[in-house]
Amino acid sequence: MAAATQPSTNWHLKENAREHHTSKFSSEELIVRRGQAFSITFNGTEKPEQNLIFLAETGPKPSKATKTLAAFGISSTVSKEGWSAVLQSTSSNSVSVSISSPHNAVIGRYKLSVQLGSSSPASLGTFVLLFNPWSSGDDVFMPNKAECEEYVLEEFGIIFAGNKNRISSFGWNFGQFQGDILNICLSIMDRSLYYRQDPVTDVSHRHDPRYLGRVLSAMVNANDDLGVVLGNWSGKYEGGKNPSSWTGSGEILQSWKKSGFKPVKYGQCWVFAAVLTTVLRCLGIPTRTITNFSSAHDADENLRVDEFYDADGNHLERGADSIWNFHVWNESWFTRNDLGPSYSGWQVLDATPQEQSGGIYQCGPASRYAIKEGEVDLDYDCPFVFAEVNADCMYWNYDSATGKKTLIFSTSTEIGVSISTKAVGRDDRVDVTSDYKYEEGSAKERDIFKKARKKLGLEDKFDPTAPTQEEIEQKPDISGKFKVAGSLEVGKDLNLLLVLENLQSDAKTVNVNMTAWSTLYTRRPVNEIWKDSISVTLAPKEEKQFPIKIKYPEYQQQLTTDKTIQVTALCHVEDGIQVLVQRNITLDNPAIDIQILGEAKVNEEVVVEVAFTNPTNTEVKDCVLQVEGNDLLRGILELRIPPLKASEKSSTKFKLIPSEAGPKHLLVNFSCDKFADIKTFKMVNVIN
């Protein structure tokens, strides 16, 4: 008997991709979503309708028991439970079938083969199976189509940063459909600790977005497992890229693969969150980035953050707790079969390595509903996320000579402000704070806080570091605040007012120690910029203002790339309790202007002009312009710009050739020796 010829397969790539929302992938391989039929045609079989058995297999040791191997024949209807094939048409030597996978199939790359009767199976080739948010049976089903478009198919994102008084934003190119990104995402899963310890079990769990979300939150950071990005919060970034210089995930993921899977240097929270968004959207799990302002890092799980200052008002690095100006994490959309229907929907995942969970730097998925309701005893990492948005703050004066600490004040309304994400289909900010907690300071919010403490067994414990009721109830004699007077721009002097008010009906003498430090966005102090002290007497009920000027040359060399300064005034009131006044300031970079000169049309050149004016009275040099944008240009364009004299304007022109119609985003990043990573983006409407 002649050997069976190897069948050749027509995967109907275009039609299947259109049906499965996978047209944006640039792949010669079939990419489809689970729980939905796809069509293939193959030849080389005689009497095809007889005894055809298909085999779909994935992972290192495929088996029916682990649901990584399916064997199925031709049937008249689609199976509700398993894989199935329905005959569409046959001719003398070719056969067309419609193949369906179950809603809970393991995702990943599959080998498909066909067996006729008792002959040995012949390979039809490989295809990739992804999650299906468009299908109501899938755990990641998202009923709102516009949200599916945004959280799975949108390659452009906006990440919010700055601080609660001054929210800024920048664009990011997720690029989940670029060239090799899908293959890189599949290899991220195959390099996790879970896979290395037990590949068969790991692959069998890949039907579950909850499991994969947790695995990938561990793999996007390089701790424990040589994952994708190495974190660095030192302010020094030799041997790698400054975290604020990245503009997209594609470059990071490609670098990881090119280097033989060595961690990419360096990332901070928004980089981890953006890369995790790319990976999860690529695999079909609806995901977005979330920014929390005044975000608590509660290291000891007591839902309280302790901050320490010395007598001069300097912020001390004592204890592991901290408050970050902002922190970025992810929300992914899926059902929580382990917790019950009310906990389904948005789940918090965090790839930034802060605290270990189960012995690994991973975080989540924590149900957002559980966080709001104080259900901190549920899986996974709910106490940590709850504290990020709702911890109480204690500010202490610490005397290093005696080791004595005195409570200055405590507040329950400082943490978790203006929690933000990008709007669906628009380049706007949406505030989602009320999805994380009840109104700050309301009776309901305080009750939830007490409930959370009770669940963690904190309400009865004697805590020697906790403030006494007497300390908490002390009322200060004066109040103070910093007001901004003038612009907050790098290159300009910083003008502030310290406003002090006597709350009592007798005069008060106050000695004020003031300092200003450049900090990272995590509020870690880096360089002292300025200090001063004043002594003032305030008449009964009197308010006084004291102007403060910090000149640009004083802070220019000390500023970190986060462009943040913490100003503190520690007020020692004679015969009264101390008052701490502080303000975190984020300076704006000078503006860049992008103009599209002419109409942007598919496959036609269009000129773009980028203009920048040096705002300082000294020359700036080492100027570099980086540009990227999906469907507008391939890869990243890097342009060197000549030095700019004081107040000089530069204008740089380059060409784009758009490859696809529709609204596209161009991202620009400008750096020089005085200003790092000035980012902006422009929406370009491309027409056919």
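What you see is a predicted model, and the numbers here were worked out from it, not measured in a lab.

1. Focus on the packing of aromatic side chains
Okay, so step 1: Overall, the coordinates contain 30 aromatic pairs when judged by the stated rule.
Okay, so step 2: Ring centres of Tyr110 and Phe127 lie 5.4 Å apart, and the angle between their planes is 10 degrees; this geometry places the pair in the stacked category. Here the residue Tyr110 occupies a position in strand E8 (residues 108–116), and Phe127 occupies one in strand E9 (residues 122–130), the gap between them amounting to 17 residues.
Okay, so step 3: For Phe127, a relative accessible area of 0% puts it in the buried group.
Okay, so step 4: Note on Phe170 and Trp270: the rings are 6.4 Å apart at their centroids and 80 degrees apart in plane angle, and the pair reads as edge-to-face. Of this pair, Phe170 sits in strand E11 (residues 166–173) while Trp270 sits in helix H8 (residues 269–283); the two residues are 100 residues apart in sequence, bridging distant segments of the chain.

2. A look at unusual backbone geometry
Peptide bonds are mostly trans, and most non-glycine residues show a negative phi.
Okay, so step 1: With an omega dihedral of 5 degrees, the bond running from Lys265 to Tyr266 counts as a cis peptide bond.
Okay, so step 2: With respect to the element layout, Tyr266 can be found in strand E13 (residues 264–267).
Okay, so step 3: A cis amide bond, omega -5 degrees, links Asp379 with the succeeding residue Tyr380.
Okay, so step 4: Along the chain, Tyr380 turns up in the loop between helix H9 (368–372) and helix H10 (382–390).
Okay, so step 5: With phi around 55 degrees, His21 is a residue other than glycine that occupies positive phi space.
Okay, so step 6: Looking at the secondary structure, you find His21 in the loop between helix H1 (13–19) and strand E2 (30–33).
Okay, so step 7: On the basis of relative accessibility, which here comes to 28%, the residue His21 falls in the partly exposed class.
Okay, so step 8: Phi at Asp575 takes a positive value of approximately 60 degrees, unusual for a residue other than glycine.
Okay, so step 9: Looking at the secondary structure, you find Asp575 in the loop between strand E29 (564–573) and strand E30 (579–586).

3. What about the sheet that holds E30?
Okay, so step 1: Ordered by their spatial adjacency, 4 strands build an open sheet running E27-E26-E29-E30, and the pairing between neighbours is antiparallel. If you trace the sheet from one side to the other, it starts and ends with strand E27 (525–538) and E30, each paired once. Recorded for the sheet is a direction-independent mean angle of 15 degrees between the axes of neighbouring strands.
Okay, so step 2: Strand direction decides the pairing type here: E29 and E30, joined by 8 bridges, are antiparallel.

4. Some thoughts on H8
Okay, so step 1: Taking 1.5 Å per residue as the helical rise, H8 with its 15 residues ought to reach 21 Å, and the 21 Å between its terminal C-alpha atoms agrees with that figure.
Okay, so step 2: With 15 of 15 residues buried, H8 lies mostly within the body of the structure.
Okay, so step 3: Directly beyond the C-terminal end of H8, a positive phi value near 100 degrees is found at Gly284.

5. Concerning the UniProt feature "active site" (unreviewed entry) in the chain
Okay, so step 1: If you check UniProt for "active site" (unreviewed entry), the listed places come out as Cys269, His327 and Asp350 in our numbering. Taken along the chain, the residues just named run across 82 residues; in space they keep tight, none of their C-alpha pairs more than 9.9 Å apart.
Okay, so step 2: The topology assignment puts Cys269 in helix H8.
Okay, so step 3: Excluding residues within four positions of it along the chain, Cys269 makes contact with Trp233, Trp324, Phe326, His327, Val328, Thr352 and Tyr521.
Okay, so step 4: Structurally, the position occupied by His327 is in strand E17 (residues 322–334).

6. Thoughts on the UniProt feature "domain: Transglutaminase-like" (unreviewed entry) in the chain
Okay, so step 1: According to UniProt, the feature "domain: Transglutaminase-like" (unreviewed entry) maps to residues 261–353 in the numbering used here.
Okay, so step 2: Taken end to end, residues 261–353 is 16% helix and 44% strand, and its two terminal C-alpha atoms sit 19 Å from one another.

7. Observations concerning the sheet that holds strand E15 (residues 304–309)
Okay, so step 1: Pairing in this open sheet of 4 strands is mixed, and the strands run E16-E15-E20-E21 from one edge to the other. The open sheet has two edge strands with one neighbour each: strand E16 (315–316) and strand E21 (404–411).
Okay, so step 2: Note that E15 and strand E20 (residues 392–399) share 6 bridges and pair parallel. Counted as the bridge partner of Phe308 is Trp396 from E20.

8. What about the side chain of Ser113?
Okay, so step 1: Topologically, Ser113 is positioned in strand E8.
Okay, so step 2: Residue classification places Ser113 among the buried positions, given a relative accessible area of 8%.
Okay, so step 3: With residues near it in sequence (within four places) discarded, Ser113 still touches Ile53, Phe54, Leu55, Glu57, Pro121, Ala122, Ser123 and Leu124.

9. Some thoughts on helix H6 (residues 209–219)
Okay, so step 1: Among the 11 residues that make up H6, 10 are buried, leaving the element largely enclosed by the rest of the structure.
Okay, so step 2: Of the positions making up H6, those classed as buried are Pro209, Tyr211, Leu212, Gly213, Arg214, Val215, Leu216, Ser217, Ala218 and Met219.
Okay, so step 3: Put simply, Asp208 is the residue that caps the front of H6, since its side-chain oxygen is 3.0 Å from the backbone nitrogen of Arg210.

10. A look at the nonpolar core
Okay, so step 1: Formed by 68 residues in total, the largest nonpolar core has its most connected members in Trp172, Leu182, Ile252, Trp270, Val275 and Leu283.
Okay, so step 2: Looking at this core element by element, the count peaks at 12 residues for H8.
Okay, so step 3: Residues within four places of Val275 in sequence aside, it is in contact with Val220, Val228, Val229, Ser249, Ile252 and Leu253.
Okay, so step 4: With 57 residues, the next largest nonpolar core counts Ala569, Cys571, Val602 and Leu632 among its residues.

11. Let's talk about the environment of Trp134
Okay, so step 1: Note that Trp134 resides in the loop between E9 and helix H2 (145–153).
Okay, so step 2: For Trp134 and Lys236, which are 102 residues apart along the polypeptide, the C-alpha to C-alpha distance reads 45 Å.
Okay, so step 3: What Trp134 contacts, discounting residues up to four positions off in sequence, is His21, Arg33, Phe141, Lys145, Cys148, Val152 and Leu153.

12. What to know about the environment of Val432
Okay, so step 1: Looking at the secondary structure, you find Val432 in the loop between strand E23 (429–431) and helix H11 (433–436).
Okay, so step 2: A residue is classified by how much of its surface remains accessible, and Val432, at 5% relative accessible area, is buried.
Okay, so step 3: Sequence separation between Val432 and Lys61 is 371 residues; the distance between their C-alpha atoms is 44 Å.
Okay, so step 4: If we ignore the near neighbours within four places in the chain, the residues touching Val432 are Arg288, Ile290, Ile419, Ser420 and Thr421.

Reading the values: the criteria
- Residues numbered from 1 in each chain as written.
- Predicted model: local features only at pLDDT ≥ 70, side-chain atom pairs only at ≥ 80, totals over all residues.
- Heavy atoms only, no water.
- Phe/Tyr/Trp six-rings, centres within 6.5 Å; stacked < 30°, edge-to-face > 60°.
- Helix = DSSP H or I, 4+ residues; strand = E, 2+ residues; numbered from the N terminus.
- Buried < 20%, exposed > 50% of the residue type's maximum accessible area, 1.4 Å probe, protein only.
- Pairing = 2+ DSSP bridges.
- Axes fitted to C-alpha atoms, helices over the stretch in contact; angles between N-to-C directions.
- Expected span 1.5 Å × (residues − 1).
- UniProt positions renumbered as here; feature names shortened; annotations may be inferred.
- Contact = heavy atoms within 4.5 Å.
- Polar contact = N/O pair within 3.5 Å; in protein donor to acceptor, adjacent residues only side chain to side chain.
- Core = buried A, V, L, I, M, F, W, Y, C linked by side-chain atoms within 4.5 Å.

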